[in-house]
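Remarks on the overall topology
This is what each chain is made of:
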Amino acid sequence: MTTQKILLLSTMAMVAAIAKAGPTDKDSTSIKLNEVVVTGTRQATDIRHLPQTVTVVGRQKLTENERINVLPSLMEQVPGLLLTSRGMMGFGVSTGGSGGMMLRGISSAAGQVMVLIDGHPQYQGIYGHSISDAYQTMMTERVEVLRGPASLLYGSNAMGGVVNIVTRGMHQDGIVNQLNVGAGSYGTVQAEFSNQVRKGKFSSTVAGQYARTDNHRPHMGFEQYGGYVKLNYDLTSNWNIYADADVTHFNASYPGTISAPMLEADQWITRGVVNVGVENHYEKTSGRLSVYDNFGRHKINDGYNALNGKPQTRLFRSNDALMGLSWYQSFNLWTGNRITAGFDYQRIYGKAYYTSRETGEELETQNKQSAREQNHEVAGYVDIRQDLNTWLTIDAGVRVDNHTITGTQWIPQAGLVVRPVESSEMKVMISKGFRNPTMREMYLYPPSNTELEPESMWTYELSWKQRLFKNRFQYGVNLFLIKAKNIIQTVNKKNVNTGELENRGIELEASYAVNHKLTLHTNHSFLHMKNPVVSAPKYKGYLGATYHQGAWSVNAGLMQISNLFTAIGADPTLESFTLLNATIGYQLNPTLRFWVKGENLLGQDYQYIAEMPMPKATAMAGVNIIF
């Protein structure tokens, strides 16, 4: 029997057993009722009243497996989300880079899925996509993943969904410090430190991170430094001001594929964002005005084939930037009503060039001047949500977005939520997403084309979610259909809008707090693609368990990936594999916790990227100190 069938049968057996037996009186403690989210609505809202599908992954779940990056944990917890990787640590960029998020067959590597930090976009001006190495657990309180278009609120690049990292804050007076260090296979070392302070109206969070590894293949080293600072001051009970900064630098080497190994394929990358803003919170209205600046500095040696190549004589460099201003205000004008209006402005710019390896001087190249271009994007939007009664909510909105090159786009969205009983809801959603072409696609390199039009996508979704046994058991089902057009492809050495996508699928998820010691969680996603996409699996399933007994804790998860495309075309290649991960922790006292973890404990031979094999079983151990 295949692992896919075992996971599905285990899930069905769990649901059937719970439905038949129900919880015992001894373990009938009620679990927290409803989650409040900000993604998809801009202001804190009960998730039961939103037509969008949002998965929330809290800090406990993000930290229980001692990962310094949030994305691997999201892949386990969010149905339909897959993250490509190539080693034990470090995703990298450029040729051979990994860390691309694939959500329902829509790719973050193509800039079609947006990463946000506290609602602010994280992509840059020239290449227009996020860098996965920058999203650290040290700064994260929770992550909200909206599956489906979010362009109404967030504009371009939120075409297929958003991953919104909500940062940590200190809510009670005092000082809390935390240090987490670990080491393991292939010379891997990781360390995180955070300090949180609150005194009266002032609060702060300061965090730092270091990681390095040799990885499992030659010429694949990785080293990273990161830092995060957040300052907040409450002017009054209704107004506060804040400032935060997040900077990550990493050095990575790309080893090439098995059949074409590389030498000197090195990358030196710095990415960061600075953000300042003012917020207001009243009983019937709330909003925010913020200014942010995303910046990136990239130096890349494209390397050479280890078998017959020659070293590069030049290095690629780019100074990437995106400056933005964001304003929104939400109003409650009458009972059950919520109107959100907003305005966004972005200046998208950067510079790409080459320098001599020998002298360091800037070289005259074909794309040097065109890489200095800049674009502007201005948008306004309004979203109206109305509870017609206790069991029905309708939502509709529109965004008008104007881009320097591509002109004006109208982005509508509509949905409804039916709550037949308090413990369940059915959602229907129709939404449009879009992505403007990047500076690279319009200006850089021979395929560039300034006549490109935005990519666009419509998603139709029907979902059902229910909570039973005082909310200790929850399950959900989602059906979706995606139709996209004008996807940018390179044809005859020129970028053109010729691609189309038609994806449909089903997503299942369930969780059960068996008692105060044991919690089970499972999710499954099935994807059918009319036009297959690299790094998109036909099936992904996960079954996880968390167990606490006294000072001991155990977290284990089994994930199955089936029919993952690593190459498409006339001769497609597919991968299927099963991963078992586990973490054991021991809480010696309130201050000190020891942990050990293993990944790919079944020793599977597998790969997310063609000819880039992942490591077999790996192990790490460490200590977590809170004081």
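The rules we used
Residues numbered from 1 in each chain as written. Predicted model: local features only at pLDDT ≥ 70, side-chain atom pairs only at ≥ 80, totals over all residues. Heavy atoms only, no water. Helix = DSSP H or I, 4+ residues; strand = E, 2+ residues; numbered from the N terminus. Rg over C-alpha atoms; globule rule 2.2 N^0.38 Å. Buried < 20%, exposed > 50% of the residue type's maximum accessible area, 1.4 Å probe, protein only. Contact = heavy atoms within 4.5 Å. Areas by Shrake-Rupley, 256 points an atom, 1.4 Å probe, with all protein chains shown as cover. Salt bridge = Lys/Arg side-chain N within 4 Å of Asp/Glu carboxyl O. Pairing = 2+ DSSP bridges. Polar contact = N/O pair within 3.5 Å; in protein donor to acceptor, adjacent residues only side chain to side chain. pLDDT = per-residue confidence, 0-100. Patch = residues over 30% accessible without salt bridge, like charges linked within 9 Å, V, L, I, M, F, W, Y side chains within 5 Å.

Quick look at the overall build of the protein chain
- If you tally the helices and strands in the protein chain, you get 5 helices and 34 strands.
- Computed over the C-alpha atoms, the radius of gyration of the protein chain is 24 Å, within 12% of the 25 Å expected from 2.2 N^0.38 for a compact globule of 627 residues.
- With the principal axes as the frame, the protein chain shows a C-alpha extent of 75 × 55 × 55 Å.
- Per-residue burial for the protein chain yields a buried fraction of 54% across its 627 residues.
- For the protein chain, contacts bridging at least 24 residues in sequence account for 62% of all contacts bridging at least 6.
- Carbon and sulfur atoms make up 59% of the accessible area of the protein chain, which totals about 25,600 Å².

Remarks on the pattern of salt bridges
- Under the counting rule described, the total for this entry stands at 24 salt bridges.
- The closest approach of N and O atoms between Asp118 and Lys230, which form a salt bridge, is 4.0 Å. Of this pair, Asp118 sits in the loop between strand E7 (114-117) and strand E8 (120-121) while Lys230 is found in strand E14 (residues 222-234), placing the two residues 112 residues apart along the sequence.
- Take Asp118: its relative accessible area is 17%, and that puts it in the buried class.
- Here Lys230 falls in the buried class, since its relative accessible area comes to 18%.

Side note on the sheet that holds E7
- Across the sheet, 5 strands lie side by side as E3-E9-E10-E7-E8; this open sheet has mixed pairing. Edge positions in the sheet fall to strand E3 (53-58) and E8, since each has one partner strand and no second.

Topic: the side chain of Ser326
- Mapping Ser326 onto the fold places it in strand E20 (residues 314-331).
- With relative accessibility at 4%, the residue Ser326 sits in the buried group.
- At a separation of 3.2 Å, a polar atom in the side chain of Ser326 contacts the side chain of Asp344.
- Leave out the neighbours within four places in its chain, and Ser326 touches Arg42, Arg288, Leu289, Ser290, Tyr292, Phe343 and Asp344.

Concerning the side chain of Asn503
- With respect to the helices and strands, Asn503 occurs in strand E28 (residues 494-513).
- A distance of 3.1 Å separates a polar atom in the side chain of Asn503 from the backbone oxygen of Arg104.
- Excluding anything up to four places from it in sequence, Asn503 contacts Arg104, Gly105, Ile106, Phe480, Leu481, Ile482, Leu527, His528, Met529 and Lys530.

As for the pairing of E7
- The alternating pattern of E7 places Met114 and Leu116 on one face and Val115 and Ile117 on the opposite face, and all of these are buried.
- As defined by bridge partners, E7 adjoins E8 across 2 bridges and the pair is classed as antiparallel. Bridge assignment links Ile117 to a residue of E8, and that residue is His120.
- With antiparallel pairing between neighbouring strands as the criterion, E7 and E8 make up a hairpin whose turn holds 2 residues, including Asp118 at a positive phi of roughly 50°.

Focus on the sheet that holds strand E6 (residues 106-107)
- In spatial order, the strands read E4-E5-E6; together these 3 strands make up an open sheet with antiparallel pairing. Each having just a single partner strand, strand E4 (81-83) and E6 make up the two edges of the open sheet.
- Relative to strand E5 (residues 101-103), E4 runs antiparallel, the two sharing 3 bridges. Within E5, the residue paired with Leu82 across the bridge is Met102.

Looking at the confidence of the model for the protein chain
- Taken over all residues, the pLDDT of the protein chain has a mean of 92, while the share at 70 or more is 93%.
- At the level of individual helices and strands, the protein chain shows its lowest average pLDDT in helix H1 (residues 3-21), which scores 60, and its highest in strand E33 (residues 592-599), which scores 98.

A look at the pairing of E33
- Note: strand E32 (residues 573-587) against E33, 6 bridges, orientation antiparallel. The residue bridging Thr583 from the neighbouring strand is Lys597, located in E33.
- Linking two consecutive strands that pair antiparallel, namely E32 and E33, is a turn of 4 residues.
- Pairing between E33 and strand E34 (residues 618-626): 8 bridges, direction antiparallel.

Focus: a nonpolar patch on the surface
- Together, Phe202, Val206, Val229, Leu231, Tyr233, Leu235, Trp239, Ile241 and Tyr282 make up an exposed nonpolar region whose accessible area comes to about 720 Å².
- Breaking the nonpolar patch down by element, the ones donating at least two residues are strand E13 (202-213), E14 and strand E15 (239-253).
- No other element matches the 3 residues that E14 contributes to the nonpolar patch.
- With respect to the helices, strands and loops of the structure, Val206 is situated in strand E13.

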